[in-house]
Amino acid sequence: MVAAGVALHIPMFLMGRHTGYRLVGMPMDNGMLIGMGLIVLGVLAAAYGLLPRHEPQQASHGRIIPPEDAPLTKAHWIQIGLVGIALVVDVMKASSLGFVIPGMRIEYGLSPTHMAVFPLVALTGTTLGSFIWGALADVYGRRASILLAAVMFIGTSICGAMPSFNWNVFMCLMMGLAAGGMLPVANALLAEIMPTKHRGWCLVLLGGIGTIGGYFATSETSALLQPHFGWRIMWLVGFPTGLILVALSPMLPESARFLLEMGRVEEARRTLARYGAVLTDVQRGPESEPAITETPSGKASGWSSRAQSRFGLSIALTLAALAWGFVNFGVLLWLPGNLVAEGRSVGLASALIARSTLIAIPTVAIATYLYSLWSTKRVLVVAIGITTLGLIATLLRNSTAFPIFANPIVPVSLLIVGTSAVISILMPYAAESFPVRQRGRATGWVAGCSKVGGVIAQAFAVFALVPAFGIAAGAIAIPTAASLLLIAIFGHETRGRDLREIETEALAQEA
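### Describing the packing of helix H10 (residues 182-193) against helix H21 (residues 436-462)
- Across the interface, H10 lies against H21 with an axial gap of 8 Å and an inter-helix angle of 145°. In this structure, H10 meets H21 at a crossing whose hand is right-handed. In this structure, H10 contributes Pro184, Ala188, Ala191 and Glu192 to the contact, and H21 contributes Val436, Arg439, Gly440, Thr443, Gly444 and Ala447.

### Brief notes about empty space enclosed by the protein
- Summed over the entire model, instances satisfying the criterion amount to 4 cavities of 30 Å³ or more.
- Counted as a void, the largest cavity has a volume near 100 Å³.
- Surrounding the largest cavity, Leu82, Ile85, Ala86, Ile146, Leu147, Ala150, Leu245, Leu248, Ser249 and Leu252 form its lining.
- Split by residue class, the lining of the largest cavity holds 9 nonpolar, 1 polar and no charged.
- Of the voids in this model, the second largest cavity is the one considered here, and its volume is about 70 Å³.

### Digging into the nonpolar core
- Counting 77 residues, the largest nonpolar core has Val83, Met104, Phe118, Phe165, Met182 and Trp235 as its most contacted members.
- Val83 has contacts with Ala186, Leu189, Leu190, Leu206 and Leu252, leaving out every residue within four places of it along the chain.
- By size, the runner-up hydrophobic cluster in this structure holds 27 residues, among which are Leu313, Tyr371, Leu380 and Tyr429.

### Notes on the packing of aromatic side chains
- Across all of its chains, the model carries 7 aromatic pairs by this definition.
- Ring geometry for Trp167 against Phe170: centres 6.0 Å apart, planes inclined by 80°, an arrangement best described as edge-to-face. Of this pair, Trp167 and Phe170 are both found in helix H9 (residues 165-179), 3 residues apart, which corresponds to roughly one turn of the helix.
- For Phe170, a relative accessible area of 42% corresponds to the partly exposed category.

### Here we look at helix H15 (residues 265-274)
- Within H15, burial applies to Val265, Ala268, Thr271 and Leu272. Summarising the axial view, the buried residues of H15 lie within an arc of 120°, below the 170-degree limit, and thus occupy one face. What points out from H15, more than 90 degrees from its buried face, is the exposed set Arg270 and Ala273.

### Some remarks on unusual backbone geometry
- In the Ramachandran plot, Tyr21 falls in the positive-phi region, its phi being about 60° despite a non-glycine side chain.
- Within the element layout of this structure, Tyr21 appears in the loop between helix H2 (10-14) and helix H3 (30-49).

### What to know about the pattern of salt bridges
- As enumerated under the stated definition, the model contains 6 salt bridges in all.
- Here Glu107 makes a salt bridge to Arg232, at a shortest N to O gap of 2.8 Å. Here Glu107 is found in helix H5 (residues 97-108), whereas its partner Arg232 is found in the loop between helix H11 (196-229) and helix H12 (233-236), with 125 residues between them in sequence. Each member of the pair, Glu107 together with Arg232, is buried.
- In this structure, Arg142 engages Asp138 in a salt bridge whose closest nitrogen and oxygen atoms are separated by 2.9 Å. For the pair formed by Arg142 and Asp138, the shared burial category is buried.
- Connected via shared salt-bridge partners are Asp138, Arg142, Glu192, Arg439 and Arg441.

### A look at a nonpolar patch on the surface
- Nonpolar side chains collect at one region of the surface, where Ile366, Tyr369, Leu370, Leu373, Trp374 and Val382 lie side by side and expose about 590 Å² of accessible area between them.
- Here the nonpolar patch takes 4 residues from helix H18 (residues 360-373), the largest share from any one element.
- Structurally, the position occupied by Tyr369 is in helix H18.
- Taking relative accessible area as the criterion, Tyr369 reaches 53% and is therefore assigned exposed.

### Some points on the packing of helix H7 (residues 117-137) against H9
- Running from amino to carboxyl end, H7 crosses H9 at an angle of 30°, the nearest separation of the two axes being 6 Å. If you check the angle between H7 and H9, you find them roughly parallel. Between H7 and H9 lies a crossing of right-handed hand. Each of Phe118, Val121, Ala122, Gly125, Thr126, Leu128, Gly129, Ile132 and Trp133 in H7 lies in contact with H9, whose residues at this interface are Phe165, Asn168, Val169, Cys172, Leu173, Gly176, Leu177 and Ala178.
- Partitioning the contact of H7 with H9 into residue classes produces 12 nonpolar, 5 polar and no charged.

Conventions used here
Residues numbered from 1 in each chain as written. Predicted model: local features only at pLDDT ≥ 70, side-chain atom pairs only at ≥ 80, totals over all residues. Heavy atoms only, no water. Axes fitted to C-alpha atoms, helices over the stretch in contact; angles between N-to-C directions. Helix = DSSP H or I, 4+ residues; strand = E, 2+ residues; numbered from the N terminus. Left-handed = near helix turned anticlockwise from the far one by under 90°. Contact = heavy atoms within 4.5 Å. 1 Å grid on protein atoms, 1.4 Å probe; cavity = no way out; pocket = protein on both sides within 12 Å on 5 of 7 lines; lining within 4 Å. Points joined across faces, edges and corners; volume = space filled by probe spheres on them. Nonpolar A, V, L, I, M, F, W, Y, C, P; charged D, E, K, R; others polar. Core = buried A, V, L, I, M, F, W, Y, C linked by side-chain atoms within 4.5 Å. Buried < 20%, exposed > 50% of the residue type's maximum accessible area, 1.4 Å probe, protein only. Phe/Tyr/Trp six-rings, centres within 6.5 Å; stacked < 30°, edge-to-face > 60°. Arc of directions from axis to C-beta. Salt bridge = Lys/Arg side-chain N within 4 Å of Asp/Glu carboxyl O. Patch = residues over 30% accessible without salt bridge, like charges linked within 9 Å, V, L, I, M, F, W, Y side chains within 5 Å. Areas by Shrake-Rupley, 256 points an atom, 1.4 Å probe, with all protein chains shown as cover. Parallel < 35°, antiparallel > 145°, perpendicular 65-115°, else oblique.

In structure tokens:
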């Protein structure tokens, strides 16, 4: 139904082939209105169909064999490839904004201030989507949430056929809602699929590959298609890419850990068989009960401190995500204009940022290596520390006491290295730090908070409330440094840690 609804919009797009695919002012025909209805009904039907088929039973906690350090199988590599494709498609949605705004502005005759509403709405949609899809992943399941997002990808591609700017803004909000949760849900799914030995590097590397691959695919698509079909084709590309995700879905199983937590034991067995694993000790017995020591007062000890530690870690990751959003969508976006205002040419400012951005690729590779072979907690602390140093360098760049910061490439490089490492590590670390029933919400929360910072930064730009550049950098350095301190205190090492330990702790807290 969704695909048919999108197809009914194609004639409207083709009507503009003699005018450079400019559709502004054209009336919406009956086919488009019927198509919209089909899309809404189709998404609702898909949402209903993806609900778990059985009522959740009492959770059964078994042991997955072989051990967590088992080697990767062909099935694991297939999942890595499929999730990688999903992340590339997801990033293509967000990165298309930069490629459609110039053409959209010309077609609708909008001012830069008016046009600034568009990315703000898109970022708001992805923020809400991260929170919503993270919660859905803990109810629907990881696979079901990814599939429903893919169905919405297909439906929101009709943005490319909308004749008015207001319709484009609304559809862009819907597109953001669909795209916002793909990365956190994918992190939750992979964290539960991959053996402990390979979990860390896989999560970090896939996040980096998805981002880089998505931007590359978007830029290549724009270079190949925009000269012939205009800016609208960048939205319509979501139609075939979404269909590809749905077509590949039979090869993407649900997380066995999630199935087991929901009491769907037989489905968990079938899923584990794909990876050459089996499930034993399904029923909870005395030997599977977590050990709880009693204090003289009769209260369980150890588990409460871990609960407090997880709460402190939640605050730390929230602050780190908010700070990253402020830096990525605020400081780094305002930087070119600030360099020009200081007397540097536009070409020089652009070249400076472009050269510094090249550091992002090796940064992701190094972060992946250190995350999997050195320490997950320490790498995150170091990444946040570099970001904090970059903000301080930006604040002090005009100070005579620190001449090294006078060269703009120093603070820019520090910020790009720090933020590239932080975003590649933040969600994998969150996915490895929370139990099954909270993992989707935790990763979705962190992803959403990273965009909340961006929404606030963009809102400042829309309403002309951007503070002085140095003051902004100094203000953002405060929560960044606070998150570093809190992670150093409440963070824990996840490298080589069996996720079953987290489940055991959660069970003990419930007891």
